[in-house]
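So the chains spell out like this:
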Number of protein chains: 2
Amino acid sequence: MKQNASDKLIEKIIKTKNPIVVGLDPDIKKIPLCYKIDVRSSSNKFEQVSEMIYNYNKDIIDSICDIAPAVKPQMAFYEKYGSQGVIAFERTVMYAKAKGLIVVEDAKRNDIGNTAQAYADGHLGKVEMLDGSFISSFDVDFLTVSPYLGSESLMPFMNECVINGKGIFVLVKTSNPSSGEIQDVVSSNGKSISENIADNIFSNAKKCIGEKGYSSIGAVVGATYPEDAIKLRKIMPSSIFLVPGYGAQGACVKDIMPCFNPDGLGAIVNSSRGILYSYLSNGFDVYCSKQEYLSSVVNETLKMQKEIYSELKTIFPNIVY
Amino acid sequence: MKQNASDKLIEKIIKTKNPIVVGLDPDIKKIPLCYKIDVRSSSNKFEQVSEMIYNYNKDIIDSICDIAPAVKPQMAFYEKYGSQGVIAFERTVMYAKAKGLIVVEDAKRNDIGNTAQAYADGHLGKVEMLDGSFISSFDVDFLTVSPYLGSESLMPFMNECVINGKGIFVLVKTSNPSSGEIQDVVSSNGKSISENIADNIFSNAKKCIGEKGYSSIGAVVGATYPEDAIKLRKIMPSSIFLVPGYGAQGACVKDIMPCFNPDGLGAIVNSSRGILYSYLSNGFDVYCSKQEYLSSVVNETLKMQKEIYSELKTIFPNIVY
């Protein structure tokens with residue numbers, strides 16, 4: 001039996017005293033120039049970008065692997081460069097895992113029937129080869145999953161959690177301004193759509209609770225809607241929340257506290273732009289050196305850790321780390 | 001100004017008298033053995049699968065390119081094999097386009113803010129290279145898009161339709177059994193979520209209506225819910241419906257008629273398993289020859305064309321083709 005993904009994540013959070021996840025969203029417009037001129041000679045422009053992204057991510061991973069528990073590569077920023085982008089993604093995942101980081105793939109995948117199964121197999125499970133053998137493909141620790149197609153579409157992913165020790169974060173309440181258009185609509189049972197999805201997560205989360213008391217079936221709950229977070233925390237006590245919206249999207253440290261349990265666990269707060277691109281407003285510009293850039297990444301990571309950890313210590317006297 | 005994607009699709013439908021789209025969902029368990037033994041020598045198992053999938057798709061494309069207007073590769077079946085799968089996808093798209101087929105990428109992508117923009121750029125638009133140039137990446141004709149994150153998340157994709165001549169199909173009412181859990185919920189304005197999404201599509205569809213009178217902003221409407229299709233057809237008169245659920249999922253020719261307009265246009269009906277894998281119940285087995293297999297693919301495509309086209313001719317006397 002493989003170790004439960006939630007246990008792996010919580011171990012790392014406790015070890016680093018840091019419940020955050022560093023987003024790896026490579027944005028060619030914002031990456032320092034030193035990375036862009038320093039690519040091995042390939043005449044293929046997609047290969048150049050792929051190499052650049054991997055080298056850039058590798059430096060970030062080296063810089064934060066002892067101070068943060070997890071990274072969250074956002075697939076869109078890789079996939080946009082086609083197969084070459086996906087190569088950069090695969091290399092990034094392998095490197096991050098080798099450095100002991102938990103990898104949360106943010107891809108918001110889903111579909112129906114055997115297509116949902118294909119996504120679950122590819123991102124979390126194993127895929128069949130021509131000789132009949134089964135091999136892991138992306139093999140990430142956690143995947144974000146969309147619930148729009150209904151509960152049956154979530155089952156292949158939940159099965160990977162129950163059977164295979166993997167983890168998922170189902171989109172329950174997202175951080176963006178128009179998230180309520182669908183997610184806040186109240187259904188005939190008097191509950192909002194996000195609450196109904198939370199109920200479904202709660203039922204299934206029970207099936208894969210790890211030794212630390214948390215389930216590997218988690219939820220995405222935006223920091224920008226703290227009142228929803230209070231309700232959702234009650235509905236899904238054992239699910240870990242992946243919390244976007246901190247920093248760049250406007251939520252502050254008080255806003256994210258409802259996502260945590262009194263043990264100081266139960267949430268990982270994401271920052272992507274806030275960590276990767278704050279150097280541009282911190283006295284550096286795109287002409288800075290790698291050393292200058294990476295010092296900014298480390299400083300922003302530690303600043304966020306300090307902000308969140310101090311607040312957790314203040315409001316939760318029984319925090320376990 | 002590039003040709004509107006809806007015009008390109010409708011031209012092909014009229015030319016082939018066939019409003020269907022052939023799903024390219026390579027399933028290693030169901031593909032005839034002759035394709036699996038006939039791969040060029042690579043010791044990498046992922047490369048072997050990639051080569052096999054491409055060769056298989058190429059034969060299907062050659063067989064149906066004069067009798068069907070469009071193909072719909074389902075990204076999950078490629079992506080599950082990682083970057084090598086995506087290479088097979090990219091080669092398939094290029095080959096299908098070279099053969100004059102319209103390519104509908106079924107990937108159900110979406111996210112928020114600049115992440116949604118990254119998906120839109122990668123699948124429909126152009127992406128920036130290290131030298132500052134912009135190049136098309138996947139460059140498909142149409143992409144399926146999920147609306148779960150709200151109307152603002154759809155905008156980058158709709159912009160590609162308005163500005164760049166591309167097309168999308170937004171998931172409005174999907175064909176699976178649990179689709180109603182979210183999509184049928186009635187919101188405070190008295191309309192179901194799928195109707196609200198349809199209203200949003202209608203408002204934006206107006207911005208990119210082609211010469212044939214149809215918009216390149218379309219909708220996914222499952223054949224398995226004909227009563228919803230009647231309502232949705234009225235809300236979105238100029239949107240093309242991508243209609244899954246025919247055949248393998250249980251919907252018959254009468255069920256799909258509400259998806260069409262009286263001109264016999266306005267819908268493309270998908271069949272994936274029904275065309276690709278019916279050979280297994282038509283007297284062949286996985287040991288059949290390529291010739292036998294492809295004859296089954298052609299026969300199933302023509303059978304479906306005949307079923308749908310005759311019914312359209314019967315109930316719509318003013319059909320334009």
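Residues numbered from 1 in each chain as written. Chains lettered and ligands numbered in written order. Predicted model: local features only at pLDDT ≥ 70, side-chain atom pairs only at ≥ 80, totals over all residues.

(A) Region of interest: the pairing of strand β2 (residues 70-73) of chain A. All names here are of chain A. The two faces of β2 match: Ala-70 and Lys-72 on one face and Val-71 and Pro-73 on the other face are all buried. Sheet topology note: the strand β1 (residues 20-24)/β2 ladder contains four bridges and is parallel. When the bridges of β2 are listed, Val-21 appears paired with Ala-70. As paired strands, β2 and strand β3 (residues 102-109) are joined by two bridges and run parallel to one another. (Buried ≥ 20, exposed ≤ 12 C-beta atoms within 10 Å, placed from the backbone. Helix = DSSP H or I, 4+ residues; strand = E, 2+ residues; numbered from the N terminus. Pairing = 2+ DSSP bridges.)

(B) Up close: the relation of the copies chain B and chain A. For the pair chain B and chain A, the best superposition has an RMSD of 0.0 Å and corresponds to a rotation of 180° with a translation of 0.0 Å parallel to the axis. Here the two chains are linked by the operation of a two-fold rotation axis. Minimal C-alpha distance to the rotation axis in chain B is attained by Ser83(B), lying at 2.5 Å. Looking at chain B, 100% of its interface residues are interface residues in chain A too, so the copies touch through the same face. (Least-squares fit on C-alpha atoms with pLDDT ≥ 70 in both. Contact = placed C-beta atoms within 7 Å.)

(C) Examining the sheet that holds strand β1 (residues 20-24) of chain B more closely. Residues and elements named next belong to chain B. Strand order in the closed barrel formed by eight strands is β1-β2-β3-β6-β7-β8-β9-β10, and the pairing between neighbours is parallel. Taken over all neighbouring pairs, the strand axes of this sheet differ in orientation by 30° on average, direction set aside. Packed onto the sheet, helix α10 (residues 226-235) meets β7 (167-173) and β8 (215-221) and runs at close to 160° relative to β8. (Axes fitted to C-alpha atoms, helices over the stretch in contact; angles between N-to-C directions.)

(D) Region of the structure containing the sheet that holds strand β6 (residues 142-145) of chain A. All names here are of chain A. What the eight strands build is a closed barrel, ordered β1-β2-β3-β6-β7-β8-β9-β10; its pairing is parallel. Taken pair by pair, the neighbouring strands of this sheet meet at an average axis angle of 30°, ignoring direction. Where helix α5 (residues 82-98) meets the sheet, it contacts β1, β2 and β3, and its direction lies at approximately 175° from that of β2. Against the sheet, helix α10 (residues 226-235) makes contact with β7 (167-173) and β8 (215-221), and its axis sits at roughly 160° relative to β8, the strand it touches most.

(E) Layout of helix α9 (residues 193-205) of chain B. If you check α9(B), its first and last C-alpha atoms are 18 Å apart, about what 13 residues at 1.5 Å a residue would give, namely 18 Å. Of the residues making up α9(B), those classed as buried are Ile193(B), Ser194(B), Glu195(B), Asn196(B), Ile197(B), Ala198(B), Asn200(B), Ile201(B), Asn204(B) and Ala205(B). (Expected span 1.5 Å × (residues − 1).)

(F) Representation of unusual backbone geometry within the structure. Residues and elements named next belong to chain B. For Lys-108, which is not glycine, the phi torsion reads 45° and is therefore positive. The residue Lys-108 is located in strand β3 (residues 102-109) in this model. Since 29 C-beta atoms lie within 10 Å of it, Lys-108 is described here as buried. Even without being a glycine, Asp-139 presents a positive backbone phi close to 55°.

(G) Molecular detail of the pairing of strand β10 (residues 267-271) of chain A. Residues and elements named next belong to chain A. Counting buried positions over the five residues of β10 gives five, a clear majority of the element. Of the two faces of β10, the one holding Ala-267, Val-269 and Ser-271 and the one holding Ile-268 and Asn-270 are both buried throughout. Relative to β10, β1 is paired through three bridges, and the arrangement is parallel. Residue pairing in the sheet places Val-22 in a bridge with Ser-271 of β10. Summarising the sheet, strand β9 (residues 239-243) and β10 pair through three bridges and their orientation is parallel. Considered in β10, the bridge of Val-243 is made with Val-269.

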